[in-house]
Amino acid sequence: MEQVLSFQKYNSALKKNRLLGLSCKECGTVTCPPKMVCQECAGVDLEVVELSGMGKIVTFTTTYVAAEGKEAEAPYTIAMIELDEGAWIAGNLIDIDPSEATMDLIGKRVKIGHKVFPGDRFSGGESTRPLFSFVK
Ligand SMILES: [Zn+2]
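Small disclaimer: the values here were computed from a predicted structure and weren't measured. (Residues numbered from 1 in each chain as written. Predicted model: local features only at pLDDT ≥ 70, side-chain atom pairs only at ≥ 80, totals over all residues. Heavy atoms only, no water.)

Enquirer: How should the sheet that holds strand β3 (residues 46-51) be read in this particular structure?
Expert: Strands in a sheet are paired, the pairing made by backbone hydrogen bonds, and the direction either parallel or antiparallel. With respect to topology, 3 strands assemble into an open sheet ordered β2-β1-β3, the strand pairing being antiparallel. The open sheet has two edge strands with one neighbour each: β2 (30-31) and β3. With 6 bridges connecting them, strand β1 (residues 19-24) and β3 associate as antiparallel partners. In the sheet register, Leu20 faces β3, and the bridge partner there is Glu50. (Pairing = 2+ DSSP bridges. Helix = DSSP H or I, 4+ residues; strand = E, 2+ residues; numbered from the N terminus.)

Enquirer: Got a minute to help me understand the environment of Glu47 in this structure?
Expert: Position of Glu47 among the secondary structure elements: in strand β3. Classification of Glu47 by relative accessible area gives partly exposed; the value is 27%. The spacing of Glu47 and Gly28 is 19 residues in sequence and 9.9 Å in space, taken between C-alpha atoms. (Buried < 20%, exposed > 50% of the residue type's maximum accessible area, 1.4 Å probe, protein only.)

Enquirer: I tried to follow the coordination of the zinc ion on my own but got confused; where do I start?
Expert: Octahedral six-donor coordination of a metal ideally yields angles of 90 or 180 degrees, compared with 109.5 degrees for tetrahedral four-donor coordination. All of the protein donors around the zinc ion are Cys24 (SG), Cys27 (SG), Cys38 (SG) and Cys41 (SG); their distances to the metal are 2.3 to 2.4 Å. Relative to the metal, the 4 donor atoms surrounding the zinc ion lie at angles of 103 to 116 degrees, and the coordination shape comes out tetrahedral. One chain supplies every donor for the zinc ion, spaced along it as C-x2-C-x10-C-x2-C. When its relative accessible area of 3% is taken as the criterion, Cys38 is described as buried. (Donors = N, O, S within 2.8 Å, 3.2 Å for Na, K, Ca; no water. Tetrahedral: all angles 85-135°; square planar, octahedral: opposite > 155°, others 65-115°.)

Enquirer: What should I look at first to understand the layout of surface pockets in this one?
Expert: If a probe as big as a water molecule is rolled over the atoms, it shows which places are left empty. In this structure, the largest pocket spans a volume of roughly 340 Å³. For the lining of the largest pocket, the elements supplying multiple residues, two or more each, are α1 (7-14), β5 (76-83), β6 (88-93), β7 (109-117) and β8 (127-134). A per-element tally of the lining of the largest pocket places β6 first, with 5 residues. Lining the second largest pocket are 11 residues, with Leu5, Leu22, Lys35, Met36 and Leu46 sitting closest to its centre. Each residue belonging to the lining of the second largest pocket can be placed in one class, and the counts come to 8 nonpolar, 2 polar and 1 charged. (1 Å grid on protein atoms, 1.4 Å probe; cavity = no way out; pocket = protein on both sides within 12 Å on 5 of 7 lines; lining within 4 Å. Points joined across faces, edges and corners; volume = space filled by probe spheres on them. Nonpolar A, V, L, I, M, F, W, Y, C, P; charged D, E, K, R; others polar.)

Enquirer: Please explain unusual backbone geometry as it appears in this structure.
Expert: The linkage connecting Cys32 with the following residue, Pro33, adopts the cis geometry, with an omega of -5 degrees. Tracing the backbone shows Pro33 in the loop between β2 and β3. Despite not being glycine, Asn17 has its phi angle at roughly 60 degrees, a positive value. Within the secondary structure layout, Asn17 lies in the loop between α1 and β1. A residue is classified by how much of its surface remains accessible, and Asn17, at 39% relative accessible area, is partly exposed.

Structure below.
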């Protein structure tokens, strides 16, 4: 596959529920979301790979007071997911009432989806964000 993964390509793939990452040819570590260098060894010989989009919850937080412009969304739960390929990625957790988020979430299997964020005055315009739902 290609060796350059721009955020534009990452966003386009995510819109189709396809998760792209970078595999390091030096150490084999998968980095996702894409960065300029391997997050493990800072190597720059990276290859674009398609990831499974499957993983498990390693931690989460529930926000009750949203940032400016996001008041209508609160409360919501953001989870850190360890993908099956090893990379960690954050995303909104759906399929759950945020007021009922407990430590029982840790270790639960999830799969990726997405939502399109239209952009606001703090961002560079539209982008696609990962979200996760439980594997049933
Ligand atoms: Zn590496």
